[in-house]
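Read off the chains here:
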Amino acid sequence: MNCIHVCLSLLLLHTQAVSFGQSFQLLTGKLPHSTRNNLLLCNHNRRLRPAGFYSIQSKLFISEYRLYDAHASDEMQSIHNYSASCQQIYPAIQPEPIVSDQVEEWYPTQYRTYRFFSQHGRENDDENNQGTTITIRQTSFGCGKLGFEVWKCALALSCYLIRLFDNFHNNNESDIKSVRVLELGAGCGLPSCVCREMGVGGVLATDYWEEQSGDFGRPMDKERLVPHWLFGVNLDFNVVQSAGIMREGNSSAQRSVSSRKLDWHNEVDVLEAKALFEPNLIIASDVVYYVEDVPPLVRALELLLEHGSSNDRTAREVILFLSVYTERIGLKEFRDMVKKMVNAHPGWDSSEQEVDFCLMTKELDSFEEKYRILKLTIKNES
């Protein structure tokens with residue numbers, strides 16, 4: 001019987017065409033480009049349908065998430081009282097022809113397509129209103145470390161921004177052109193892409209990665225999960241180049257849309273980004289992880305919100321969506337430090353609210369999964 005089990009295991013491994021060694025090489029990007037593409041194509045063609053997805057037409061699957069402004073309830077009146085929604089579309093929209101760059105050459109990638117609706121937009125939906133659709137290219141852990149994929153907090157923040165800017169369009173569309181958004185810890189850059197698509201006046205997506213030479217910027221980086229420098233190439237690809245899918249009349253080059261390496265631990269770096277871009281809205285999602293990052297992150301937020309010279313255009317608001325999972329060991333210290341920072345500045349204010357981001361069932365009448373998220377806002381009204 002053991003012999004039969006071994007034979008079946010070997011047969012399964014052969015049919016999947018991926019050995020343990022190849023799997024490791026595929027993850028780390030050490031596999032030759034041609035072999036890697038063949039393996040990815042082999043796996044893609046037999047990929048199982050993700051949990052929570054359902055067919056709406058041939059070869060198309062959709063999974064819907066909804067953002068609730070408070071704790072979601074299973075009661076029907078609460079289920080439909082959401083502020084915005086996000087549909088993940090499978091298979092994803094990919095660029096034609098397939099993009100070939102250094103990220104694709106060295107690391108496995110995966111495209112994700114999302115379609116966003118505000119509740120207001122869904123209620124007034126018609127054939128001409130197909131929501132806001134964005135395609136993101138994810139990398140591997142070997143390239144992006146903790147920022148290699150789109151996390152739930154980024155999806156929830158994106159839903160919130162859709163609702164926020166939809167209100168701009170409904171009230172005074174010209175106001176949205178005055179909004180200049182800087183995203184901290186952007187990862188794959190989905191919230192920045194939402195801001196871009198909603199027509200804000202400027203977007204700067206920032207994150208931190210190692211030097212192109214392979215050197216680390218700080219001694220402490222050797223002990224941390226710092227992304228490869230190609231992670232920054234992928235961020236630019238998503239935010240500036242629109243994931244390789246440039247639609248006519250929607251070129252990022254027509255607006256102030258850019259990406260930049262930004263180190264929270266370097267105050268000069270933060271002040272330089274502030275002076276060059278002049279943001280008035282700061283956004284971030286799931287950026288509180290390491291305890292040692294908390295003081296420099298709070299200081300970076302303070303620098304971005306503080307008034308400088310009389311001609312200084314400074315940020316007026318910070319919007320953070322943070323995971324409340326217990327492994328986010330720096331969250332309690334971060335919340336305490338934010339309160340102290342706000343109390344030290346007359347005219348500043350902060351607020352916290354727990355919201356639910358829920359994966360819906362196929363029938364959209366109950367929740368398959370719930371994610372509890374802390375929405376933290378800081379305002380400079382001085």
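Preceding this section is the structure that the text describes.
Criteria and thresholds
Residues numbered from 1 in each chain as written. Predicted model: local features only at pLDDT ≥ 70, side-chain atom pairs only at ≥ 80, totals over all residues. Heavy atoms only, no water. Helix = DSSP H or I, 4+ residues; strand = E, 2+ residues; numbered from the N terminus. Buried < 20%, exposed > 50% of the residue type's maximum accessible area, 1.4 Å probe, protein only. Contact = heavy atoms within 4.5 Å. Areas by Shrake-Rupley, 256 points an atom, 1.4 Å probe, with all protein chains shown as cover. Core = buried A, V, L, I, M, F, W, Y, C linked by side-chain atoms within 4.5 Å. Pairing = 2+ DSSP bridges. Expected span 1.5 Å × (residues − 1). Phe/Tyr/Trp six-rings, centres within 6.5 Å; stacked < 30°, edge-to-face > 60°. Lys NZ or Arg CZ within 6 Å of the ring centre and 35° of its normal. Disulfide = S-S within 2.5 Å.

Undergrad: In this structure, what is going on with the overall build of the protein chain? I would like to understand it.
TA: Counting secondary structure elements, the protein chain contains 14 helices and 12 strands. When the 382 residues of the protein chain are sorted by exposure, 49% land in the buried category. Look at the contacts in the protein chain between residues 6 or more apart in sequence, and 69% of them connect residues 24 or more apart. Of the roughly 18600 Å² of accessible surface on the protein chain, a fraction of 51% belongs to carbon and sulfur atoms.

Undergrad: Please explain the nonpolar core as it appears in this structure.
TA: Nonpolar side chains in soluble globular proteins generally cluster together in the buried interior. Ranked by internal contacts, the top residues of the largest apolar core, which has 51 residues, are Phe116, Phe165, Phe321 and Phe357. By residue number, the principal contributor to this core is helix α8 (residues 152–171), which donates 10 residues. Apart from residues no more than four positions distant in its own chain, Phe357 is found in contact with Tyr65, Arg66, Leu67, Lys152, Leu155, Ala156, Cys159, Glu369, Lys370, Tyr371 and Ile373. Counting residues in each nonpolar core, the second largest holds 33 residues, with Leu262, Leu322, Val338 and Trp348 among its members.

Undergrad: Is there a simple way to explain the pairing of strand β11 (residues 348–360) in this structure?
TA: The two faces of the sheet receive side chains in turn, since in a regular strand these alternate between them. Inspection of the sheet shows β11 paired to strand β12 (residues 367–380) by 13 bridges, in the antiparallel sense. Residue pairing across strands places Cys358 opposite Lys370, the latter belonging to β12.

Undergrad: Just checking my understanding: could you explain helix α13 (residues 294–305) for this structure?
TA: Owing to its 3.6 residues per turn, the α-helix aligns residues three or four sequence positions apart on the same side. The end-to-end C-alpha distance of α13 is 17 Å, a good match for the 16 Å that 12 residues give at a rise of 1.5 Å each. Counting buried residues in α13 gives 10 out of 12 residues, a clear majority hidden from the surface. For α13, every residue scored as buried is listed here: Val294, Pro296, Leu297, Val298, Ala300, Leu301, Glu302, Leu303, Leu304 and Leu305.

Undergrad: Is there a simple way to think about the packing of aromatic side chains in this case?
TA: The description of an aromatic ring pair uses the distance of the two centres, along with the angle that the planes make with each other. Counted by the stated rule, this structure contains seven aromatic pairs. Ring geometry for Tyr68 versus Phe367: centroids 5.5 Å apart, planes at 85 degrees, classification edge-to-face. Taken together, the positions of Tyr68 in strand β2 (residues 60–68) and Phe367 in strand β12 put the pair 299 residues apart, joining distant regions of the chain. Each member of the pair, Tyr68 as well as Phe367, carries the same accessibility label: buried. The ring of Phe237 carries the charged tip of Arg137 above its face, separated from the ring centre by 3.8 Å.

Undergrad: When you look at the state of the cysteines in this model, what are you seeing that I'm missing?
TA: Among covalent bonds in proteins, the disulfide is the one between the sulfur atoms of two cysteines. For the coordinates displayed, the defined rule picks out zero disulfides. Free of any disulfide, Cys86 has its nearest cysteine sulfur in Cys159, 5.0 Å distant. The buried category is assigned to Cys86, whose relative accessible area is 0%.

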